Amino acid sequence: MAEPNSWEELLRKMLPDGAPLPDEDQLDYSISIDYIGPSPFFNPPINPIIPKTKFTTFHKQPPSLTPINPALFKSRSNSDTTNSDDDKRFSASCSIDTAHNNSNYDRDEVAYDRYVRYSDEWGREVKRGGLCALSVGNKGRECSRCGKWLLIRRLRCIVCRAEYCKKCVLKAMGSMPEGRKCVGCIGKPIDERNRGRLGKGSRFLSRVCGRLEVKRIMEVERECKANQVRPEQVIVNGKELREDELDELFASSMSTKDLKPGRYWYDKDSGLCGKEGEKPDRILSSKLDVGGKLQVDASAGNTRVYMNGREITKLELRVLKLAKVQCLRNTHFWLYEDGSYEEEGQNNIKGFIWEKASIRFLCSLFSLPVPPQSAFCTKEEPASLSFRLLPECSEQHRVQKLLLLGLEDSGTSTIFKQVKFVYTNKFTTEELQNMKLIIQSNVYRYLSVLLESREHLEEEALMNNESPALAAERSILGEMECDGSRQCIYSVNPKIKNFSDWLLDLVATGDIDTYFPAAAREYAPIIDEIWKHPAIQYTYKRIVELQYLPHVAKHFLGRVLEISSNEYEPSEKDILFAEGITHSNGLACIEFSFDDHSVVSEIYNENSQRPKPLSKYQLIQPSSKGLHSGCKWLEMFEGMRAVIFCVSLSDYDQLWTNSRGLQLNKMLASRDFFESVARHSCFDGKPFVLLLNKYDLFEDKINQVPLTVCEWFRDFKPLKSHSKSPSIAHQAYYYIAVKFKEMYTCITGRKLYVFQLQAHEQKSVDEAFRYVREIIEWEDKDVDIYAISDENSISGTGTSSSPCNH
Ligand SMILES: Nc1nc2c(ncn2[C@@H]2O[C@H](COP(=O)(O)OP(=O)(O)OP(=O)(O)O)[C@@H](O)[C@H]2O)c(=O)[nH]1
Ligand SMILES: [Mg+2]
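Everything quoted here is computed from the prediction, not taken from an experiment.

Peer 1: Is there a simple way to think about the nonpolar core in this case?
Peer 2: Taken as a class, soluble globular proteins show a tendency for nonpolar side chains to be buried jointly. Counting 79 residues, the largest nonpolar core has Ile644, Phe645 and Leu690 as the members making the most contacts within it. A domain-level breakdown of this core finds at least three residues from each of domain 3 (231–398) and domain 4 (402–426 + 583–805). Core analysis: the second largest hydrophobic core is formed by 32 residues, Ile439, Tyr446, Ile530 and Ile575 among them.

Peer 1: How should the environment of Ile536 be read in this particular structure?
Peer 2: Tracing the backbone through its elements, the reader meets Ile536 in helix H21 (residues 534–541). As for Ile536 and Tyr490, which are separated by 46 residues in sequence, their C-alpha atoms are 7.0 Å apart. Those residues in contact with Ile536, other than ones at most four positions away along the chain, are Leu450, Arg454, Ile530 and Trp531.

Peer 1: Hey, could you run me through the site of ligand 1 in this one?
Peer 2: Surrounding ligand 1, one finds 24 residues, the nearest of these being Gly411, Ser413, Thr414, Ser624 and Ala759. Secondary structure elements with two or more residues in the shell around ligand 1: helix H15 (412–423) and helix H27 (695–702). Looking at the shell around ligand 1 element by element, the count peaks at 3 residues for H15. Among the residues making up the shell around ligand 1, the classes are represented as 5 nonpolar, 13 polar and 6 charged. Both domains that meet at the shell around ligand 1, namely domain 4 (402–426 + 583–805) and domain 5 (429–576), each give it at least three residues.

Peer 1: I tried to follow unusual backbone geometry on my own but got confused; where do I start?
Peer 2: A negative phi angle characterises most non-glycine residues, just as the trans form characterises most peptide bonds. The omega torsion across Phe516 and Pro517 is 15°, close enough to zero to call that bond cis. Position of Pro517 among the secondary structure elements: in the loop between helix H19 (512–515) and helix H20 (520–532). Its identity is not glycine, yet Met176 carries a phi of approximately 55°, on the positive side. Tracing the backbone shows Met176 in the loop between helix H7 (169–173) and helix H8 (203–208). Phi at Lys287 takes a positive value of approximately 60°, unusual for a residue other than glycine. Inspection of the secondary structure puts Lys287 in the loop between strand E7 (280–283) and strand E8 (306–307).

Criteria and cut-off values
Residues numbered from 1 in each chain as written. Chains lettered and ligands numbered in written order. Predicted model: local features only at pLDDT ≥ 70, side-chain atom pairs only at ≥ 80, totals over all residues. Core = buried A, V, L, I, M, F, W, Y, C linked by C-beta atoms within 7 Å. Buried ≥ 20, exposed ≤ 12 C-beta atoms within 10 Å, placed from the backbone. Domains from an automatic or database assignment. Helix = DSSP H or I, 4+ residues; strand = E, 2+ residues; numbered from the N terminus. Contact = placed C-beta atoms within 7 Å. Near = placed C-beta within 6 Å. Nonpolar A, V, L, I, M, F, W, Y, C, P; charged D, E, K, R; others polar.

The values are spatial; any link to function lies outside them.
Here it is, written out as structure tokens:
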């Protein structure tokens, strides 16, 4: 329990000496405003460079409990378009600098990412509400009734947006028979910006009324007629609905909550429905007598394939093709509500579109609606069907699709497997058996890379004449040949040489699969001997130069006897490290949910009586192999809720060969791939989360290979290292994060979320996905919160200052 006066002490510490504390009345809600500080799970870094004088005008600008780095604001401020490059660098290095002057920081990198993000949220809030250094003036901060200066949240009328303080709210709003409306606004339609927030709890209200009263107010706010969508706000097939049409829509299949004002198309024959100019996003009952006639361009398709008179979208065409439905140009189909289809004028049902599980899966993957299985397995009367369609369809809508992308070896498979470990059931016996075989084969693949590299290194060393020191070392090891043939540290005995030749031949002819893993046990002893041989160990030491050898090779090669035995069962770590086990057909997909509610959502739903159902997430990971060859395939992933892009930090000095055989720096290749994804229209407005992976390797490497070897990072100038300054790795990490952030903002005008990851650590992956969840939740309620809390906020991005403007 907090001390009764602990808030005073806390504030006093933040104020300059002698500054007066504001009176308690003004402070009522300053600490419990909607959640905008860092997660309580993490200790936010204190920002020591914020001058205390920032808070001297406390009565007008209360202290922020989460100190803000002014540099971060500066770089995001709309008005600040004159920043020079130097300023940008300053803002980047400032965020590094200040974050690291806090000892908590080292313990918890994640905190800083959260900190930056929440600072953003706070910054935006501050900017909108005028709560801090970025005051936007006094407007909108007075109680509409008593004129009293309001420090923080007020309760806003959902119609006219007048704001009231705690003392006036009940006088101004009375018993709230239609929810949060001033008495004069009762009976009037709500301001549409508040629709998403209707009936959702408010912390402010719970301080003014009792729990039951809040519940009643929320119920009437949600259900009362005056707050519902009005018929003229819904346009179906180009025609405004009438009252009876809207009623029919509600009665047949839609819940009132589901329907938002807007323009829609509706196909009466199939029941497919979508927003005007977009693909179908739900299936309603067919034959509803609502709206006008379906137009050919209703969904803005450009495929020259028509379904019930509507030109379908590319995505629909793609799914039809995958379903092996013949779709030549200018084909006209009729699709009926049970999924049966025929070509126009042929009177011959050709099949049932949703019959196959694979099609249902593809539809769900590409966010196209499908009816529930029962709808076409048992032929029921349409009336009873329509009631059953919706719950399942809306269920499907609750699945949040997350697309996980990254260049080869960035770690996407590892992340995917971790998600499986952390959030779902473990692997089946059959899966484990397959993994065992893959792991056994991989060992031979790793060894062949080592043996081939050894040959090159031997050749090279002999040509360059081995140094006397190495030769001496070798003779101590007793490896110098007696026959006087030239040797070097990379030389092996004839037995190993013979095996090596045989294995490398198998690899070259592509016959390795015919031997391994079948013969794994038989050859295990010689593999073990080869792995332990000094020549191979010397070769392995040069792993940084061996392009095709992953670091995990050591984990398996060192245990080849164990791995090759019949009794071997892959451990969790083995599965995690094993390559090539997530994709059967180039795409891996997993559905999961978190086993708890996030702090954010709990606070947000504090007053709602029904517990919020657990959101489901679907993680979709296309194999990183071959992804980079053009990005046309990205169209398939329309409808994702968020994009998670993984970059390996340790790639900055690596070379990578693209599909045209050109070699380029791997970090640059990752950057270019990221850029193509960020620019893709499929992901417009979708949150992007950048996972900067392999921090462990990065930390090791950065002290040996300077970051500036990558041309994109040429201007990296780390602070001189002294005991209190952040490590080079930390500085470099933030530098890279800022580089990506700047690029992303430049392309999209939006904010990029960055998370530091070590995919080998389950905790790190768990935190990353909780972070993703919070971002989604924040974005979901972004509009709601700001719609309620401030006038200027709806269209603001809070990140609108693009580095391009500077
Ligand atoms: N040291 C270290 N290695 C990692 C980390 N994350 C992944 N790896 C390794 O990096 C290599 C590539 O990771 P994968 O999971 O195969 O990533 P990917 O190549 O993007 O995914 P695929 O396309 O399915 O192969 C593997 O050897 C992983 O074990 C990490 O945080 N630290
Ligand atoms: Mg891989």
